[in-house]
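Here are the chains, one letter per residue:
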Amino acid sequence: MKEISVCIVDDNKELRNALEEIVTMSEGYKCIGTIGTAEDAVNQIPILRPDVVLMDINLGTEESGIDVVRVLKPRIPDTNFMMCTVYEEDEKIFQALTAGASGYILKKTDPARMLEAIRELYEGGAPMSSQIARKVVIAFQQQTVSNSEGEDLDMLSNSEK
């Protein structure tokens, strides 16, 4: 089994260290960098080229983790970005996913589940904390309901309908 290289971006040093310890002490994972600012993330991640980046949203500066993903994802498409945050607001979730994040987990996620999410993301999945997945499902359902009120149905073929 290939060792998954992980980079951690969070402005909170204690949390960065805790996440680094979780990754480092787990077989099959390797922490190749911990970064505390958006600017450092934009400069260092393309050089480090990790398999997975755990990205905080609020980095204590004007630039958020979402901004970092928006800049980096097109430059390093093979790197998977997973938001690892306290934010559960719909707006942040959709901004992050639109920017190029493929996973979204909450910081309160237990270490075993977080490692599982990193592996799942690396293997092509889109891990999300269940609370986040629920919000995505609800938003999708609401959008589908509003779209099915007729205006877009004319564009669909009979089999699509």
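Just above, that's the structure.
Everything numeric in this text was worked out from a predicted model, so none of it was measured. (Residues numbered from 1 in each chain as written. Predicted model: local features only at pLDDT ≥ 70, side-chain atom pairs only at ≥ 80, totals over all residues. Heavy atoms only, no water.)

For any two helices packed against each other, the geometry comes down to the angle between their axes and how far apart the axes lie. The geometry of helix H2 (residues 38-48) relative to helix H3 (residues 65-75) is characterised by a closest axis approach of 10 Å and an angle of 10° between their N-to-C directions. What the angle tells us is that H2 and H3 run roughly parallel. On H3, the residues touching Ala38, Ala41, Val42, Ile45 and Pro46 of H2 are Val68, Val71, Leu72 and Arg75. (Axes fitted to C-alpha atoms, helices over the stretch in contact; angles between N-to-C directions. Helix = DSSP H or I, 4+ residues; strand = E, 2+ residues; numbered from the N terminus. Parallel < 35°, antiparallel > 145°, perpendicular 65-115°, else oblique. Contact = heavy atoms within 4.5 Å.)

Most of strand S1 (residues 4-9) sits inside the fold, with six of its six residues counted as buried. Burial along S1 is two-sided: the residues Ile4, Val6 and Ile8 and Ser5, Cys7 and Val9 are all buried. Once you follow S1 into helix H1 (residues 13-24) and on to strand S2 (residues 29-35), the crossover reads as right-handed. For S1 and strand S3 (residues 52-55), the ladder comprises four bridges, and the chain directions are parallel. Along S3, the bridge assignment pairs cysteine 7 with valine 53. (Buried < 20%, exposed > 50% of the residue type's maximum accessible area, 1.4 Å probe, protein only. Right-handed = clockwise from strand over helix to strand, strands pointing away. Pairing = 2+ DSSP bridges.)

Our focus in this paragraph is unusual backbone geometry. Here the phi dihedral of arginine 49 falls at roughly 50°; this positive angle occurs in a residue that is not glycine. As for its placement among the helices and strands, arginine 49 is situated in the loop between H2 and S3.

Let's shift gears to the sheet that holds S2. Here we have five strands laid out as an open sheet, ordered S2-S1-S3-S4-S5, and parallel in their pairing. In this open sheet, the two strands that pair with only one neighbour each are S2 and strand S5 (103-106). Shown here is a sheet whose adjacent strand axes are inclined to one another by a mean of 25°, direction ignored. Examined bridge by bridge, S1 and S2 share six bridges and lie parallel to one another. In the sheet register, serine 5 faces S2, and the bridge partner there is lysine 30. The strands that H1 touches are S1, S2 and S3; relative to S2, the one it contacts most, it runs at about 165°. Set on the sheet, H3 makes contact with S3 and strand S4 (80-85); between it and S4 the angle comes to about 180°.

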